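If you want the building blocks of each chain, they are given just below.
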Amino acid sequence: QQQVKQSPQSLIVQKGGISIINCAYENTAFDYFPWYQQFPGKGPALLIAIRPDVSEKKEGRFTISFNKSAKQFSLHIMDSQPGDSATYFCAASGNRDDKIIFGKGTRLHILP
Amino acid sequence: NAGVTQTPKFRILKIGQSMTLQCTQDMNHNYMYWYRQDPGMGLKLIYYSVGAGITDKGEVPNGYNVSRSTTEDFPLRLELAAPSQTSVYFCASSPSRDRKHFGDGTRLSIL
């Protein structure tokens, strides 16, 4: 019940295309869903986050879509660029829990 | 601001040795965390702290210890290093449970 399942494990997208990464959770107590971006040799950095009171959040080329009934959320990267090549982690946490559960990550490669 | 600083960046230990991974943050964050990252496995929480003097176990605490005597520092101690502890260790801090700021990691090999 504490897992966050992320797919795909790896993704190759042409420059200018749309990258889509999906996550699913089971614990209905989760109320905060961030996405982190990690470049090689660096720590993860918060990219964008959503709470379940909205179905979509957009920041620049990055959009989170959230489906509360299906317990799924996804990251969409529009007009993907080679500089977006990184590992992306979805995560979830609950309002009474100081811990955060991470997905296993998606390695994204954008072809120039 | 330096943010979250981890030292050392790389270390090789022999089985049975001990060491302390250092983590310091200059953002006056109450929350601090230690994670380990293994290939294809995401990040696993080892220990966390919600303030000076308060620590709690995460998902994978066995073989590790922590202390939090100041707001700035949150060292992670490995006693009797084992090959299973070969990993990349990340320290993070946050002003609340959200918006974690990560350091650049310590890459540890146990041989």
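The structure this text deals with has already been given above.
Below: a short report on this structure.

### A word on the overall build of chain B
Step number 1: Tallying secondary structure elements over chain B gives zero helices and eleven strands in all.
Step number 2: For chain B, the C-alpha radius of gyration of 13 Å lies close to 13 Å, the compact-globule estimate for 111 residues.
Step number 3: Seen along its three principal axes, the alpha-carbon backbone of chain B occupies a region of about 35 × 25 × 25 Å.
Step number 4: A burial count over chain B gives 47% of its 111 residues as buried.
Step number 5: Across chain B, every contact between residues at least 6 apart in sequence was considered, and the portion connecting residues at least 24 apart equals 53%.
Step number 6: In the form shown here, chain B has an accessible surface area of approximately 5,200 Å², with 51% of it arising from carbon and sulfur atoms.

### A few points about the interface of chain B and chain A
The parts lose accessible area when they come together, and the size of an interface is often stated as this lost area.
Step number 1: If you look at the interface, chain B gives 22 residues, while chain A gives 21 residues.
Step number 2: Taking both partners together, chain B and chain A bury about 1,800 Å²; carbon and sulfur atoms supply 51% of that area.
Step number 3: The largest share of the area that chain B buries against chain A comes from Leu43, Arg97 and Phe102 of chain B, three residues that together contribute 31% of it.
Step number 4: Here chain B is connected to chain A by one salt bridge.
Step number 5: Between Asp104 of chain B and Lys42 of chain A there is a salt bridge, with its nearest N and O atoms 3.4 Å apart.
Step number 6: Along the contact surface separating chain B from chain A lie four residue pairs in polar contact (both at pLDDT 80 or more).
Step number 7: Counting only elements with at least two residues in the side of chain B that touches chain A, the list comes to strand 4 (31-37) and strand 5 (43-51) of chain B.
Step number 8: Of the residues that constitute the side of chain B that touches chain A, the class distribution is ten nonpolar, five polar and seven charged.

### Thoughts on a nonpolar patch on the surface
Residue and element names in this part refer to chain A.
Step number 1: Together, Ile18, Ile20 and Met78 line one region of the surface with nonpolar side chains, adding up to about 240 Å² of accessible area.
Step number 2: Relative to the helices and strands, Ile18 resides in the loop between strand 2 (10-14) and strand 3 (19-25).
Step number 3: You can call Ile18 partly exposed: its relative accessible area is 45%.

### A short note on the side chain of Ser74 of chain A
Residue and element names in this part refer to chain A.
Step number 1: Tracing the backbone shows Ser74 in strand 8 (residues 72-77).
Step number 2: Residue classification places Ser74 among the buried positions, given a relative accessible area of 9%.
Step number 3: At a separation of 3.2 Å, a polar atom in the side chain of Ser74 contacts the side chain of His76.
Step number 4: Once residues lying within four places of it in the same chain are set aside, the contact partners of Ser74 are Ile21, Asn22, Trp35, Thr63, Ile64 and Ser65.

### Overview of the side chain of Gln38 of chain A
Step number 1: Note that Gln38 of chain A resides in strand 4 (residues 30-38).
Step number 2: A relative accessible area of 8% means that Gln38 of chain A is categorised as buried.
Step number 3: Here Lys42 of chain A takes part through its backbone oxygen, which lies 2.9 Å from a polar atom of the side chain of Gln38 of chain A.
Step number 4: Other than its neighbours up to four places away in sequence, Gln38 of chain A contacts Gly43, Pro44, Ala86, Thr87 and Phe89 of chain A together with Gln37 and Phe90 of chain B.

### Things to note about the pairing of strand 4 of chain B
In summary, the side chains of a regular strand alternate between the two faces of the sheet.
Residues and elements named next belong to chain B.
Step number 1: Across the seven residues of strand 4, seven count as buried, placing the element largely inside the fold.
Step number 2: Where burial is concerned, the two faces of strand 4 agree: the one with Tyr31, Tyr33, Tyr35 and Gln37 and the one with Met32, Trp34 and Arg36 are both buried.
Step number 3: Here strand 4 runs beside strand 9 (residues 87-94); their pairing, made up of seven bridges, is antiparallel. Looking at strand 9, one finds that Gln37 is bridged to Val88.
Step number 4: Judged from the six bridges that link them, strand 4 and strand 5 form a sheet pairing that is antiparallel.

How each quantity is defined
Residues numbered from 1 in each chain as written. Chains lettered and ligands numbered in written order. Predicted model: local features only at pLDDT ≥ 70, side-chain atom pairs only at ≥ 80, totals over all residues. Heavy atoms only, no water. Helix = DSSP H or I, 4+ residues; strand = E, 2+ residues; numbered from the N terminus. Rg over C-alpha atoms; globule rule 2.2 N^0.38 Å. Buried < 20%, exposed > 50% of the residue type's maximum accessible area, 1.4 Å probe, protein only. Contact = heavy atoms within 4.5 Å. Areas by Shrake-Rupley, 256 points an atom, 1.4 Å probe, with all protein chains shown as cover. Buried area = accessible area lost by both parts, 1.4 Å probe. Salt bridge = Lys/Arg side-chain N within 4 Å of Asp/Glu carboxyl O. Polar contact = N/O pair within 3.5 Å; in protein donor to acceptor, adjacent residues only side chain to side chain. Nonpolar A, V, L, I, M, F, W, Y, C, P; charged D, E, K, R; others polar. Patch = residues over 30% accessible without salt bridge, like charges linked within 9 Å, V, L, I, M, F, W, Y side chains within 5 Å. Pairing = 2+ DSSP bridges.

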